[in-house]
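# Geometric and topological summary
Here is how the chains run, residue by residue.
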Amino acid sequence: MVERTTALQQALGLREAITRLNRRLRQARPVGDLTMAQLSALTSLELAGALSPRELADVERVQPPTMTKIIAKLEDRGMVRRDPHPTDGRQVILRTTEQGRLAYDQVQRAHNEWLADHLAVLSPEDLETLRRAAEIMHRVARAA
């Protein structure tokens, strides 16, 4: 029982730290007209390479009608294109365009620069602790 309580306490502290760090990173993104939902969808497409609208909705955990609106806004901005599905003529595959990749890269660069600036003031010991923590968090994420 003590181990479970300790794990729950650790989970709470870690989740709160991740949430706060994520919020600060979102604030560090370049100011533009992309909403967080649009940026998230663009990121999912960039990381996956290509997805159907349904797959993208599933990845983003939103309903298909919501994803339809997000995709339309990204298409209007020239960040996403629709390609014919290779085996099903009724479907399309979504891909990021060069403009979408540039927007994604700009946001990633802003996040990385913000984080690097804040990590630069930490001690070597703290940096090593964070390196190990990142490894552990990757393992936890892959186990899901």
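Predicted model only: the values in this text are computed from it and were never measured. In this numbering scheme, every chain counts its residues from 1 along its sequence in written order. For this predicted model, a pLDDT threshold of at least 70 governs which residues receive local features, and a threshold of 80 or more governs which side-chain atom pairs are given and counted, while totals over whole chains, interfaces and linings are taken from all residues. As a rule here, side-chain values come from all non-hydrogen atoms in the structure, and water together with hydrogens is ignored.

### A look at the pattern of salt bridges
The criterion, for reference: Whenever a carboxyl oxygen of Asp or Glu lies within 4 Å of a side-chain nitrogen of Lys or Arg, that contact is scored as a salt bridge. Each helix corresponds to a stretch of at least 4 residues labelled H or I by DSSP, and each strand to a stretch of at least 2 residues labelled E; elements are numbered beginning at the N terminus. Buried means the residue's accessible area, taken with a 1.4 Å probe over protein chains only, is under 20% of the maximum for its type, while exposed means over 50%, and partly exposed covers the values in between.
This structure, assessed with the given rule, holds 9 salt bridges. Of the charged contacts in the structure, one is a salt bridge between Arg95 and Asp83, with a shortest N-O distance of 2.7 Å. Here Arg95 is found in strand β2 (residues 92–96), whereas its partner Asp83 is found in strand β1 (residues 80–84), with 12 residues between them in sequence. Classification of Asp83 by relative accessible area gives buried; the value is 16%. For Glu98, the salt bridge is made with Arg101, and the minimal N-O distance between the two is 3.4 Å. In this pair, Glu98 and Arg101 both sit in helix α5 (residues 98–119), 3 residues apart, roughly one turn of the helix. Residue Glu98 is classed as partly exposed on the basis of its relative accessible area, which comes to 48%. Taken together, the shared-partner salt bridges connect Glu128, Arg131, Arg132 and Glu135 into one network.

### Some points on the packing of helix α2 (residues 36–48) against helix α4 (residues 64–76)
Rules: To define axes, lines are fitted to C-alpha atoms, for helices over the stretch in contact only, and angles between the resulting N-to-C directions are given on a 0 to 180 degree scale. Reported orientations rely on four angle classes, namely roughly parallel under 35 degrees, roughly antiparallel over 145, roughly perpendicular from 65 to 115, and oblique for the rest. The criterion used for residue contact is that any of the two residues' heavy atoms lie within 4.5 Å. Charged residues are taken to be Asp, Glu, Lys and Arg, nonpolar residues to be Ala, Val, Leu, Ile, Met, Phe, Trp, Tyr, Cys and Pro, and polar residues to be all remaining types, Gly included.
Two elements in contact, α2 and α4, have axes whose closest approach is 10 Å; the angle formed by their N-to-C orientations is 85 degrees. By the angle between their axes, α2 is roughly perpendicular relative to α4. Only Met67, Ile70, Lys73 and Leu74 of α4 make contact with α2, whose side of the interface consists of Ala37, Gln38, Ala41 and Leu42. When its residues are assigned to classes, the contact of α2 with α4 shows 6 nonpolar, 1 polar and 1 charged.

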